[in-house]
Amino acid sequence: MIHLCILIMTRTFMLRLCLPIFILFSTLQRSYALPHSSTPYGWASAVGDDESSVRTPLRGASSLLGVVENEVNSKSSGEVSQSAFELGLGQGANADIGIPFTFKDVENPQPIRGDLGSTDPGPRTYAYDRLNPNTFAPPGSDSGEVTQGKWPLGLSHNRILPGHAGWSRQENTDDLPGATAMAGVDMKLAPWAYRELHWHQANEWSLVLNGSVRVQTMNEDGETFTDDVTAGDVWYFPSGVPHSLQALDEGAEFMLVFDQGDFSDGGTSLITEMFLRNPKEVLSKNFQAPLSDFDEMPQDQLYIFNGTPAPKNLSEQIVPGPGGVASGNSSYTYHLSKQEAYETPGGSIKIIDPISFPIAKMFSAALVTIKPGAMREIHWHGTSDEWGFFLAGNARVSVYQAPTSGATIDFSAGDISYVKATATHYIENTGDEDVVFLEMLQATRFTDISVGQWLKLTPKEIIKDTLHVPDSFLDNLSANKQYVIQGNRNLTALADGIIGLVVEFVVAIDEARVRFTDDAHFFFVFLFLFHCLPH
Ligand code: MN
Ligand code: MN
């Protein structure tokens, strides 16, 4: 057969047809010739006395299959002994109360909440459990499954650039498959470093987190815009409009939010790549320039790279176009850092949406500050998913998602959150510093439905017949949105073990009860047996 094949293969025009057939036949021949026990799944054929060489020393004996006569002699326990762990303060309380406890000072955290759960002998990484007590030991109100809505940016691959020029990391649907409406990019530029001239299909909204940056753009009408923004300020670039960024003397970090869940910052159109992807003859013709002008052109994209100090005076870099310079409602920046926050008893809130920043047509945001113990009230957004970013502090969020699911999730600075439209949520400060949270919607204005306001503005009889709450509950509600509600400091303090001694005492007793339940059972059984003894 080989001779036949070689004969045919001398005919060059048959080569393409015959070579695959030859390979196929020789492969089949070889596999038919193999001993049965040497299939890739050797373990499957080695049964009974067929102890071929593939079994040892990598695989165990067939005598280990099924029922083994040895008695169970486990070297490890499936339980963590009660002396080897302690509960966080409040962890032993009734799971339905769902106290926000902490594992901060707990050496060996356990997934126990009131009467729920059991010890975890491992394998595990304590750091995750300490960061996520409400995931590890959820309150009794959690139920079913909620769209995954937490992405720590610390888990995002970081793109670090040469010359210490900067870095970028992102969150998109690769990380949170349900986060389809928005994606985020966290970017750092060293002093005077650039984010290269670029453009993209998604609309871009950004909040400056640290430092200052000079932003620059030109639109379809030859209208230009250049501005310096600082921490707390916002910019917006519509899809397709080219722009660049340069950090000022102290560098800059900013959070970019895009209105496409699958946006990737590695996929933008770049000026360097555009030059590299056109023949130099075309560049020469297009720009009416000699070929030699392109001799020094970068041979790879720059993305983020070090630059020369920009002129201190902004006006030196304003280049008026035939369309003029964008200003007023056409401005691409909003100096949110200078907007006064709306104060509430539990914190404060700044809203920026197209009503005050018209160019960002569908980007509506709230920058919320929540004091320790306080919380952003239970609410939902009617038409938009919510993309969130935690700038500071520690918090937890419970999401109720129709019809019967609920999940409580812990967040800390650097985490991204995502909640589907119409799903209720709150943000409770569980730490001892302020929580600062960016709440982003795709909407023409920032709106929510406040559950407290809704109940207050519904006829009393309906609420009482439905929820069986007393009149005093309804009397206490406000007809106005609360946004950030004053916290019950005792419960948070309880979790931190600082104050709230009375509640602490009650919980301590409760925990003691939980911990010594087995001993108590033994005691009562002993009493009962003693009682039954003839005397
Ligand atoms: Mn951009
Ligand atoms: Mn919200």
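The notes below deal with the structure included here.

Of the consecutive residues Gly122 and Pro123, the connecting peptide bond is found in the cis state with omega at 0°. Positionally, Pro123 belongs in the loop between β2 (116-117) and α4 (126-131). Residue Pro403 is bonded to the preceding Ala402 through a cis peptide linkage, with omega at -5°. Position of Pro403 relative to the elements: it lies in the loop between β20 (394-401) and β21 (405-412). Phi at His164 takes a positive value of approximately 55°, unusual for a residue other than glycine.

On to the coordination of the manganese ion (ligand 1). Every protein donor of the manganese ion (ligand 1) is accounted for by His198 (NE2), His200 (NE2), Glu204 (OE) and His243 (NE2), and the metal-donor separations fall at 2.0 to 2.2 Å. Here His200 falls in the buried class, since its relative accessible area comes to 6%.

With the rule as written, the count across this model stands at 16 aromatic pairs. For the ring pair Phe225 and Tyr332, a centre distance of 5.6 Å and an interplane angle of 55° mean the geometry is tilted. Of the two residues, Phe225 sits in strand β9 (residues 224-230) while Tyr332 sits in the loop between β13 (304-305) and β14 (333-334), which places them 107 residues apart along the sequence. Relative to Phe411, the ring of Phe390 has its centre 4.8 Å away and its plane inclined at 10°; by these criteria the two rings are stacked. Placement of the pair is Phe390 in strand β19 (residues 386-392) and Phe411 in strand β21, with a sequence separation of 21 residues.

Quick look at the coordination of the manganese ion (ligand 2) now. Of the protein atoms, only His379 (NE2), His381 (NE2), Glu386 (OE), His425 (NE2) and Glu439 (OE) coordinate the manganese ion (ligand 2), at distances of 1.9 to 2.2 Å. The sequence pattern describing where the donors of the manganese ion (ligand 2) fall on their chain is H-x1-H-x4-E-x38-H-x13-E. Of this pair, Glu386 sits in strand β19 while Glu439 sits in strand β24 (residues 435-442); the two residues are 53 residues apart in sequence, bridging distant segments of the chain. Residue class for Glu439 comes out buried when judged on its relative accessible area of 0%.

The next point concerns the sheet that holds strand β22 (residues 415-419). Backbone-to-backbone hydrogen bonds pair the strands of a sheet. The strands run either parallel or antiparallel. If you trace the seven strands from one edge of the open sheet to the other, you get β3-β22-β19-β24-β17-β16-β15, paired in antiparallel fashion. With partners counted over all chains shown, the strands left at the sheet margins are β3 (150-152) and β15 (342-344), one partner each. The mean angle between the axes of side-by-side strands here comes to 20°, regardless of whether they run parallel or antiparallel. As paired elements, β15 and strand β16 (residues 347-352) share three bridges and run antiparallel to each other. Across the sheet, residue Thr344 finds its bridge partner in β16, namely Gly347.

Criteria and cut-off values
Residues numbered from 1 in each chain as written. Chains lettered and ligands numbered in written order. Predicted model: local features only at pLDDT ≥ 70, side-chain atom pairs only at ≥ 80, totals over all residues. Heavy atoms only, no water. Helix = DSSP H or I, 4+ residues; strand = E, 2+ residues; numbered from the N terminus. Donors = N, O, S within 2.8 Å, 3.2 Å for Na, K, Ca; no water. Buried < 20%, exposed > 50% of the residue type's maximum accessible area, 1.4 Å probe, protein only. Phe/Tyr/Trp six-rings, centres within 6.5 Å; stacked < 30°, edge-to-face > 60°. Pairing = 2+ DSSP bridges. Axes fitted to C-alpha atoms, helices over the stretch in contact; angles between N-to-C directions.

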